[in-house]
Amino acid sequence: MMKPIEYVDVVVLGSGPAGLAAAFASAKQGANTVVLERQERPGGILKQCIHDGFGNLRYNETLTGPEYAYREIQQVIAALVPIRTNCFVASVEHGEHHFLLNCISPSGIERISARALVLATGCRERTDRQVFIHGDRPAGIFTAGLAQRLINIDGLIPGNRAVILGSGDIGLIMARRLSIEGVQVEGVHEIRHESSGLKRNIQQCLEDFDIPLYVQSTVTSVVGSQRVKAVHVAAVDVKNMPIMSTEQYIPCDTLILSVGLIPENELAHSLDVPIDPVTKGPVVDHVMHTMVDGVFACGNCVHVSDLVDYVSESGSIAGKHAAAWALDGCADRTLVPVSRAGNLAYVVPQMIDTSSPQRSASCYFRVRHTIERTTQLRINSEGQQLDCLTFDELYPPQMERFAINETIFSSIKQPSADISIELVLVEASHD
Ligand SMILES: Cc1cc2nc3c(=O)[nH]c(=O)nc-3n(C[C@H](O)[C@H](O)[C@H](O)COP(=O)(O)OP(=O)(O)OC[C@H]3O[C@@H](n4cnc5c(N)ncnc54)[C@H](O)[C@@H]3O)c2cc1C
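1. Considering the sheet that holds strand β12 (residues 161–165)
Turning to step 1, where the next piece is worked out: Read from one edge to the other, the open sheet built from 5 strands follows the order β11-β18-β12-β13-β14, with strand pairing classed as parallel. Here the strands that pair on one side only, and so sit at the sheet edges, are β11 (141–143) and β14 (213–215). Taken pair by pair, the neighbouring strands of this sheet meet at an average axis angle of 20°, ignoring direction.
Turning to step 2, where the next piece is worked out: Pairing between strand β13 (residues 184–190) and β14: 3 bridges, direction parallel. Among the inter-strand pairings, His 189 is bridged to a residue of β14, identified as Tyr 214.
Turning to step 3, where the next piece is worked out: Across the face of the sheet, helix α3 (residues 144–152) comes into contact with β11 and β18 (254–257) while running at roughly 95° to β11.
Turning to step 4, where the next piece is worked out: Along the sheet, helix α4 (residues 169–180) contacts β12, β13 and β18; its crossing angle with β12, the most-contacted strand, is approximately 170°.

2. Considerations on the site of the ligand
Turning to step 1, where the next piece is worked out: In the vicinity of the ligand there are 36 residues, among which Glu 37, Ile 45, Gly 53, Asn 300 and Val 308 approach most closely.
Turning to step 2, where the next piece is worked out: Interatomic distance of 3.3 Å between a backbone N/O atom of Pro 17 and an oxygen atom of the ligand.
Turning to step 3, where the next piece is worked out: One of the backbone N or O atoms of Ala 120 is found 3.5 Å from an oxygen atom in the ligand.
Turning to step 4, where the next piece is worked out: About the coverage of the ligand: the protein hides 94% of its 1000 Å² of free accessible area.
Turning to step 5, where the next piece is worked out: Across the shell around the ligand, the residue classes tally to 17 nonpolar, 13 polar and 6 charged.
Turning to step 6, where the next piece is worked out: Here the shell around the ligand spans two domains, since at least three of its residues come from each of domain 1 (1–124 + 261–330) and domain 2 (127–259).

3. With respect to the environment of Lys 3
Turning to step 1, where the next piece is worked out: Counting through the fold element by element, Lys 3 comes out in the segment before β1 (6–13).
Turning to step 2, where the next piece is worked out: Of the residues examined, Lys 3 reaches a relative accessible area of 31% and is grouped as partly exposed.
Turning to step 3, where the next piece is worked out: The spacing of Lys 3 and Ala 21 is 18 residues in sequence and 29 Å in space, taken between C-alpha atoms.
Turning to step 4, where the next piece is worked out: With near-sequence residues (within four places) excluded, Lys 3 lies in contact with Ser 107, Ile 109, Glu 110 and Arg 111.

4. A few points about helix α2 (residues 65–78)
Turning to step 1, where the next piece is worked out: With 14 residues, α2 should reach 20 Å at 1.5 Å per residue; the first-to-last C-alpha distance of 20 Å fits that figure.
Turning to step 2, where the next piece is worked out: For α2, the full list of buried residues reads Gly 65, Tyr 68, Ala 69, Glu 72, Ile 73 and Val 76. When α2 is viewed along its axis, its buried side chains cluster within an angular range of 130° and face the same direction. α2 presents Tyr 70 and Ala 78 as exposed residues on the side facing more than 90 degrees away from its buried surface.
Turning to step 3, where the next piece is worked out: Where the residues of α2 are buried, they touch α1 (17–28), β3 (52–54), β4 (63–64), β5 (83–84) and α7 (308–328).
Turning to step 4, where the next piece is worked out: Following α2 by one or two positions, Leu 80 has its phi on the positive side, about 60°.

5. Let's talk about unusual backbone geometry
Turning to step 1, where the next piece is worked out: Going from Val 348 to Pro 349, the amide bond is cis rather than trans, its omega being 5°.
Turning to step 2, where the next piece is worked out: Looking at the secondary structure, you find Pro 349 in the loop between β22 (344–348) and β23 (351–353).
Turning to step 3, where the next piece is worked out: You will see that Lys 280, though not glycine, has its phi angle at about 65°, which is positive.
Turning to step 4, where the next piece is worked out: Overall, the relative accessible area of 45% leaves Lys 280 in the partly exposed class.
Turning to step 5, where the next piece is worked out: One non-glycine residue, Glu 382, adopts positive backbone phi at about 50°.
Turning to step 6, where the next piece is worked out: Looking at the secondary structure, you find Glu 382 in the loop between β25 (375–381) and β26 (384–391).

Criteria and thresholds
- Residues numbered from 1 in each chain as written.
- Predicted model: local features only at pLDDT ≥ 70, side-chain atom pairs only at ≥ 80, totals over all residues.
- Heavy atoms only, no water.
- Pairing = 2+ DSSP bridges.
- Helix = DSSP H or I, 4+ residues; strand = E, 2+ residues; numbered from the N terminus.
- Axes fitted to C-alpha atoms, helices over the stretch in contact; angles between N-to-C directions.
- Contact = heavy atoms within 4.5 Å.
- Near = heavy atom within 4 Å.
- Polar contact = N/O pair within 3.5 Å; in protein donor to acceptor, adjacent residues only side chain to side chain.
- Areas by Shrake-Rupley, 256 points an atom, 1.4 Å probe, with all protein chains shown as cover.
- Nonpolar A, V, L, I, M, F, W, Y, C, P; charged D, E, K, R; others polar.
- Domains from an automatic or database assignment.
- Buried < 20%, exposed > 50% of the residue type's maximum accessible area, 1.4 Å probe, protein only.
- Expected span 1.5 Å × (residues − 1).
- Arc of directions from axis to C-beta.

Structural measurements only, silent on function.
Encoded structure:
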């Protein structure tokens, strides 16, 4: 027999730090809120990140991932929000002023109707198929996140001698983790001319452990039938094509891939939520409302963040406004696109809702190329500069944050006035 539909105000999809912050903020507004999580335990990716470096901004402390998750989970439990684990949201149907979720749980198919949704589904790792590595598919090829889970949660060592492809933060952290566990890490190979990881991770995870980083280098093929026996690596040219004359054979039994993260947005796609082609996450306004009424999004499913504190911040904003949307009814929005100029890869939010009662915004951006000179970020509207911030150095792996405060918000003269963010290099003084 089909179970009756359960009715709530707000459903939060995912119990990582974004979803937990959203759930707490939603409950604080008085909304009947539920969190749905496909895994056995809440906490998202933090459960397997046992290194420290979490919570410097939110808690003014340096916590490990599980410690940070524990605090967030306790907050949600204290707010009496149910966190339903082992509950996979398979599909969402969009009705008039509500959403119907079809969830697979140990007790069968559950159907939940909500007035507002918060997508907090995180991101997924790119695989070897997506980076075109040729050769066989023997055992011993792992994404960095899977290797991290095997070691930190399941207590299993993936191999004895490893090569790491990709120098994103997870790859760097795994190079150190494998080394600590006695695995011989032959090196980290990065196709770009610089690492895509944070500087502090290059120092703490590679240099401190004498693990070499080879830039403009890639894995060209995997050797082995049952188990990885070796990989071929080669330098690449300016078009990232391998220079075959430089190819080298490196014996190893493990290849770890850290070749990028992609926001997880299958459910967003099914709801026709517009996606930003650069971030690969939903286009959102400054209260994390997507372009589909009643659907909010936060955390890594919007754009991949380097700091959990920013993920939690976006969750709190999304949860608060999802609750307001569900409880107070649907107000019309006046959405103004945020245009960007200069070396900006992207800016989130991509829209400002000038009719919103929320008269401030937290904005995040990344640059396309490293800038080692003083740069100004200017916020303009209708040809007028509203604010200007100075940065000494900007580089692509690091996400930067700036705030549009209430005063700047009020300077946007008309509801539909344009808003543009530009990066301008400051000329060196000749004194
Ligand atoms: C290896 C690694 C190291 C990091 N190191 C640091 C660090 O040192 N300091 C720092 O500040 N930050 C660090 N970060 C970044 C930070 O941890 C992440 O950005 C943050 O945890 C992402 O949170 P999230 O809630 O958006 O996603 P996640 O934590 O990924 O949570 C998403 C949740 O959604 C669930 N879900 C997805 N789809 C469904 C569905 N259909 N139904 C039900 N549930 C679903 C998933 O199971 C998951 O639990 C690191 C990240 C990684 C991966």
